[in-house]
Amino acid sequence: MIHLPVTVTDLAGALDLARTLARSLASTPQVDVAGITVSAEDAQHVRHWVFCDRIMPDRRRCARQADHVGACLPNNGP
C-alpha cells in the first residue's frame with residue numbers, strides 16, 4: 001500500500017488525478033488499477049472508488065469509472 005498525499009480542491013479533482021495516474025501506471029504489473037480509491041486526509045476511512053470494481057464474465061474488471069451509468073465494459077488493457 002502506498003499513500004501519496006496530493007493537494008486538490010475537491011473530490012472530482014482527486015478522482016480525475018487518480019484516473020490520470022492510474023493510466024500512466026497501468027502497464028506496471030505491481031499496480032492494481034481497479035483497486036484505486038481516494039480519501040480526504042482527515043477522513044481516510046471514507047474511501048471513494050475511482051473505477052468500477054465489478055467483475056466481468058471474462059474475470060476482468062469493468063473499465064468504466066465508479067458509479068457509472070449504463071452497462072459495464074470489459075477492461076482490455078494490460
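Residues numbered from 1 in each chain as written. Predicted model: local features only at pLDDT ≥ 70, side-chain atom pairs only at ≥ 80, totals over all residues. Heavy atoms only, no water.

1. Some thoughts on the overall build of the protein chain
So, step 1. A tally of helices and strands in the protein chain yields one helix and two strands.
So, step 2. Principal-axis analysis of the C-alpha atoms places the extent of the protein chain at approximately 40 × 30 × 20 Å.
So, step 3. For the protein chain, the proportion of its 78 residues judged to be buried stands at 19%.
So, step 4. Summed over its atoms, the accessible surface of the protein chain is roughly 6,000 Å², and 54% of this surface lies on carbon and sulfur atoms.
So, step 5. In the protein chain, 8 positive and 8 negative side-chain charges are present, and the distance between their average locations comes to 10 Å. (Helix = DSSP H or I, 4+ residues; strand = E, 2+ residues; numbered from the N terminus. Buried < 20%, exposed > 50% of the residue type's maximum accessible area, 1.4 Å probe, protein only. Areas by Shrake-Rupley, 256 points an atom, 1.4 Å probe, with all protein chains shown as cover. Lys, Arg positive; Asp, Glu negative; His and termini not counted. Charge placed at Lys NZ, Arg CZ, Asp CG, Glu CD.)

2. Quick notes on the nonpolar core
So, step 1. Of all hydrophobic cores here, the largest spans eight residues; its members are Ala14, Leu15, Ala18, Ala22, Ile36, Val38, Val50 and Phe51.
So, step 2. Once residues lying within four places of it in the same chain are set aside, the contact partners of Leu15 are Val38, His48, Trp49 and Val50. (Core = buried A, V, L, I, M, F, W, Y, C linked by side-chain atoms within 4.5 Å. Contact = heavy atoms within 4.5 Å.)

3. Quick word on the pairing of strand S2 (residues 43-49)
So, step 1. Pairing of strand S1 (residues 37-40) with S2 involves three bridges; the strand directions are antiparallel. Residue pairing for S2: Ala40 is matched across the bridge by Ala43.
So, step 2. Linkage of S1 to S2, two consecutive antiparallel strands, is achieved through a turn of two residues. (Pairing = 2+ DSSP bridges.)

4. Structural notes on the side chain of Arg19
So, step 1. Within the secondary structure layout, Arg19 lies in helix H1 (residues 11-25).
So, step 2. Here Arg19 is buried and forms no salt bridge, its nearest opposite-charge partner Asp16 lying at an N-O distance of 4.4 Å. (Salt bridge = Lys/Arg side-chain N within 4 Å of Asp/Glu carboxyl O.)

5. A short note on a nonpolar patch on the surface
So, step 1. Where nonpolar side chains cluster on the molecular surface, the patch consists of Ile2, Leu4, Val6, Val8, Leu17, Leu21 and Leu25 and spans about 610 Å² of accessible area.
So, step 2. By the element assignment, Ile2 lies in the segment before H1. (Patch = residues over 30% accessible without salt bridge, like charges linked within 9 Å, V, L, I, M, F, W, Y side chains within 5 Å.)

6. Focus on the confidence of the model for the protein chain
So, step 1. Summary statistics for the protein chain give a mean pLDDT of 85 and a share of 95% for residues scoring 70 or more.
So, step 2. Put simply, S2 is where the protein chain has its lowest mean pLDDT, 88, and H1 is where it has its highest, 92. (pLDDT = per-residue confidence, 0-100.)

7. Let's talk about unusual backbone geometry
So, step 1. For Asp67, which is not glycine, the phi dihedral falls at a positive 60 degrees.
So, step 2. Structurally, the position occupied by Asp67 is in the segment after S2.

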